[in-house]
Amino acid sequence: QVQLVESGGGLVQAGGSLRLSCAVSGGTFSVYTMGWFPQAPGKERELVAAINWSGGDTYYPDSVKDRFTISRDNARNTVYLQMNNLKPEDTAVYYCAASFHRDLVRLSGAHFHSWGQGTQVTVSS
């Protein structure tokens, strides 16, 4: 059974930075497409970053492009999300997830089979 454990969340002022980590065990991490999904209260989870199995392809929506960077270390079975210039609207619980889907185009939560428990990110104004 695949387990994902996020860490690195916290409280930060607007304009600040955080680096989230997601450690994966119980599966073959190096074949997974990985994604990060924030979920704010009353809202659905939305994909804000995805990375393919090798790290050679990434996806970001326009809302976070140039602020967020996803990366992975297959030797450590870990995926990261570097978040810079954070805004209050980035406040959410951030979940990482694993998928066998290879194509990052039109990727959605339905394509992901395993999820972590989430880590809270709070950005104060």
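Before any of the text, the structure's been laid out above.
Just so you know, these numbers come straight off a predicted model, no measurement behind them.

> I tried to follow the overall build of the protein chain on my own but got confused; where do I start?
The helix and strand tally for the protein chain stands at 0 helices and 11 strands. Taken over the C-alpha trace, the protein chain has a radius of gyration of 13 Å; the compact-globule value for 125 residues is 14 Å, and the two agree within 12%. Put simply, 57% of the contacts in the protein chain that link residues at least 6 apart link residues at least 24 apart. For the protein chain, the exposed area adds up to about 6400 Å²; of that, 46% sits on carbon and sulfur atoms. Counting 10 positive and 10 negative side-chain charges, the protein chain places the centres of these two groups 4 Å from one another.

> Just checking my understanding: could you explain the sheet that holds strand E8 (residues 78-83) for this structure?
Within a sheet, neighbouring strands are paired by backbone hydrogen bonds and run either parallel or antiparallel to one another. Pairing is antiparallel in the open sheet, where 4 strands are placed in the order E1-E3-E8-E7. Unpaired on one side and paired on the other, strand E1 (3-7) and strand E7 (68-73) mark the two borders of the sheet. Put simply, the sheet's adjacent strands are angled 15° from each other on average, direction ignored. As paired elements, strand E3 (residues 18-25) and E8 share 6 bridges and run antiparallel to each other. Bridging across to E8, Arg19 finds its partner in Gln82.

> What's the story with the packing of aromatic side chains in this structure? I'm lost.
The description of two aromatic rings rests on the distance between their centres and on the angle between their planes. The final tally for this structure, using the stated rule, is 4 aromatic pairs. A ring pair is formed by Tyr32 and Phe100, whose centres lie 5.3 Å apart and whose planes are at 70°; its orientation type is edge-to-face. Here Phe100 lies in the loop between strand E9 (92-99) and strand E10 (112-115) and Tyr32 lies in the loop between E3 and strand E4 (33-39), a separation of 68 residues in the sequence. On the basis of relative accessible area, Tyr32 is assigned to the buried category, the value being 3%. Plain terms: the ring middles of Phe112 and Trp115 are 6.1 Å apart, the flat faces sit at 55° to each other, and that makes the pair tilted. Using a relative accessible area of 29% as the deciding quantity, one classes Trp115 as partly exposed. Of the aromatic side chains, those joined through ring pairs into one cluster are Phe37, Phe112 and Trp115. Sitting over the face of the ring of Trp115, Arg45 holds its NZ or CZ atom 4.8 Å from the ring centroid. We note Arg72 situated over the ring of Phe29; from NZ or CZ to the ring centre the distance is 4.4 Å.

The rules we used
- Residues numbered from 1 in each chain as written.
- Predicted model: local features only at pLDDT ≥ 70, side-chain atom pairs only at ≥ 80, totals over all residues.
- Heavy atoms only, no water.
- Helix = DSSP H or I, 4+ residues; strand = E, 2+ residues; numbered from the N terminus.
- Rg over C-alpha atoms; globule rule 2.2 N^0.38 Å.
- Contact = heavy atoms within 4.5 Å.
- Areas by Shrake-Rupley, 256 points an atom, 1.4 Å probe, with all protein chains shown as cover.
- Lys, Arg positive; Asp, Glu negative; His and termini not counted.
- Charge placed at Lys NZ, Arg CZ, Asp CG, Glu CD.
- Pairing = 2+ DSSP bridges.
- Axes fitted to C-alpha atoms, helices over the stretch in contact; angles between N-to-C directions.
- Phe/Tyr/Trp six-rings, centres within 6.5 Å; stacked < 30°, edge-to-face > 60°.
- Buried < 20%, exposed > 50% of the residue type's maximum accessible area, 1.4 Å probe, protein only.
- Lys NZ or Arg CZ within 6 Å of the ring centre and 35° of its normal.

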